[in-house]
Amino acid sequence: DTGVSQDPRHKITKRGQNVTFRCDPISEHNRLYWYRQTLGQGPEFLTYFQNEAQLEKSRLLSDRFSAERPKGSFSTLEIQRTEQGDSAMYLCASSLDYRTADGYTFGSGTRLTVV
Amino acid sequence: DAKTTQPTSMDCAEGRAANLPCNHSTISGNEYVYWYRQIHSQGPQYIIHGLKNNETNEMASLIITEDRKSSTLILPHATLRDTAVYYCIVRVAYNYGQNFVFGPGTRLSVLP
């Protein structure tokens, strides 16, 4: 287990379609985070999980967005009825829980283009 | 909102030390300074963090002023592969539900 894996790396979709991204965190990490990054900006927090529980959601996460981590391992982020404004890099990260001061380990991201 | 201020961009000659400054004048006593970098088309990479003492690891050194209102990340011998956006973030050390808030960072260009 060498790091955080995200799939797919790139996704092009038509406006109005649904898309789903997958994140596989580092196996012993029980926290998983989703961020979104638009061109020229730093990553913005979307949501995070402690094991299978979704503990926080940003106001950026509209009703069209849903994230799951059903068994406390991998996670999926779904965007329904995509809009052009959803075009961004979607980043997943993982970490141990609160008992560590270490930073997060990020994946390489999924770049979404809505046409 | 990000609690730090960084220059938008910097250049550094290959082989020289890159010194990246960060101002965090409102830092609280229980907040650490974290640095990440992001190479083009990749996710952010954790570099180092510290509270008040200077820290060094295999990637970089972190120098924090005595009043903790500013810090400097030092890449001792910059290479072309160090070209990236560098983010300075202040946050409590332990993951008590507080997430990393990224600002726009400093775009470092290492020149041959």
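Placed above this text is the structure.
Residues numbered from 1 in each chain as written. Chains lettered and ligands numbered in written order. Predicted model: local features only at pLDDT ≥ 70, side-chain atom pairs only at ≥ 80, totals over all residues. Heavy atoms only, no water.

Trainee: I would appreciate a short explanation of the sheet that holds strand β7 (residues 65-68) of chain A in the present structure.
Mentor: The strands that make up a sheet pair up through hydrogen bonds in the backbone, lying either parallel or antiparallel. Residues and elements named next belong to chain A. Taken in spatial order, the 4 strands make up an open sheet running β1-β3-β8-β7, and their pairing is antiparallel. A single partner strand is all that each edge strand has here, and the edge strands are β1 (5-7) and β7. Between one strand axis and the next, the sheet turns through 15 degrees on average, direction left out of account. Judged from the 4 bridges that link them, β7 and strand β8 (residues 75-79) form a sheet pairing that is antiparallel. Each residue of the ladder has a partner; that of E68, found in β8, is T76. (Pairing = 2+ DSSP bridges. Helix = DSSP H or I, 4+ residues; strand = E, 2+ residues; numbered from the N terminus. Axes fitted to C-alpha atoms, helices over the stretch in contact; angles between N-to-C directions.)

Trainee: Whenever I open this one, unusual backbone geometry confuses me. Can you help?
Mentor: Generally, phi is negative for residues other than glycine and the peptide bonds are trans, each holding for most cases. In the segment running from D7 of chain A into P8 of chain A, the intervening peptide bond is cis, with an omega of -5 degrees. With respect to the secondary-structure elements, P8 of chain A resides in the loop between β1 and β2 (10-13). Non-glycine residue N51 of chain A carries a positive phi angle of around 55 degrees. Along the polypeptide, N51 of chain A turns up in the loop between β5 (44-50) and β6 (53-57). We classify N51 of chain A as partly exposed; its relative accessible area is 31%. A positive phi angle, close to 70 degrees, is found at S41 of chain B, a residue other than glycine. Summarising the element assignment, S41 of chain B is placed in the loop between β3 (31-38) and β4 (45-50). (Buried < 20%, exposed > 50% of the residue type's maximum accessible area, 1.4 Å probe, protein only.)

Trainee: Sorry, what's going on with the environment of T47 of chain A here?
Mentor: Residue and element names in this part refer to chain A. If you trace the backbone, T47 turns up in strand β5. Separated by 13 residues in sequence, T47 and W34 have C-alpha atoms that sit 5.4 Å apart. Not counting residues within four places of it along the chain, the set of residues in contact with T47 comprises L32, Y33, W34, Q54, E56, K57, L61 and A67. Among the polar contacts listed, one links the side chain of T47 to the side chain of Q54, at a separation of 2.7 Å. (Contact = heavy atoms within 4.5 Å. Polar contact = N/O pair within 3.5 Å; in protein donor to acceptor, adjacent residues only side chain to side chain.)

Trainee: Before we go on, may I ask you to explain the pattern of salt bridges in this structure?
Mentor: Note that side chains of opposite charge can pair when their charged atoms are close. Residues and elements named next belong to chain A. In this structure the tally under the stated criterion is 5 salt bridges over all chains. With a shortest N-O distance of 2.7 Å, D24 and R22 are connected by a salt bridge. Exposure remark for D24: the relative accessible area of 28% places this residue in the partly exposed category. Across the pair R64 and D86 runs a salt bridge whose closest N-O atoms are separated by 2.8 Å. Taken together, the residues R64 in the loop between β6 and β7 and D86 in the loop between β8 and β9 (88-95) connect sequence positions 22 residues apart. (Salt bridge = Lys/Arg side-chain N within 4 Å of Asp/Glu carboxyl O.)

Trainee: Would you take a moment to explain the sheet that holds β3 of chain B for this structure?
Mentor: Residue and element names in this part refer to chain B. Read from one edge to the other, the open sheet built from 5 strands follows the order β1-β9-β8-β3-β4, with strand pairing classed as mixed. The sheet terminates laterally at β1 (9-13) and β4, the two strands that pair on one side only. Across the sheet, the axes of successive neighbouring strands diverge by a mean angle of 25 degrees, strand direction being ignored. In this structure, β3 lies alongside strand β8 (residues 84-92), joined through 8 bridges in antiparallel fashion. Residue pairing for β8: W35 is matched across the bridge by C88.

Trainee: Would you take a moment to explain the pairing of strand β2 (residues 18-23) of chain B for this structure?
Mentor: Along any regular strand, the residues point their side chains to alternate faces of the sheet. Residues and elements named next belong to chain B. Burial along β2 is one-sided: A18, L20 and C22 are buried, while N19, P21 and N23, pointing the other way, are not. Bridge analysis of β2 against strand β7 (residues 70-75) gives 6 bridges, and the strand direction is antiparallel. Bridge assignment links N23 to a residue of β7, and that residue is S70.

Trainee: Explain the nonpolar core to me, please; I cannot follow it from the model alone.
Mentor: Across soluble globular proteins, nonpolar side chains have a tendency to be buried as a group. The biggest cluster of nonpolar side chains holds 21 residues, and the ones touching the most others in it are L20, W35, L73, L75, Y86 and L108 of chain B. The element best represented in this core is β8 of chain B, accounting for 4 residues. If we skip the residues at most four places from it in the chain, L20 of chain B touches M10, W35, S71, T72, L73, L75, Y86, T106 and L108 of chain B. Ranked by size, the runner-up nonpolar core spans 19 residues in total, among them F49, F65, C92 and V114 of chain A. (Core = buried A, V, L, I, M, F, W, Y, C linked by side-chain atoms within 4.5 Å.)

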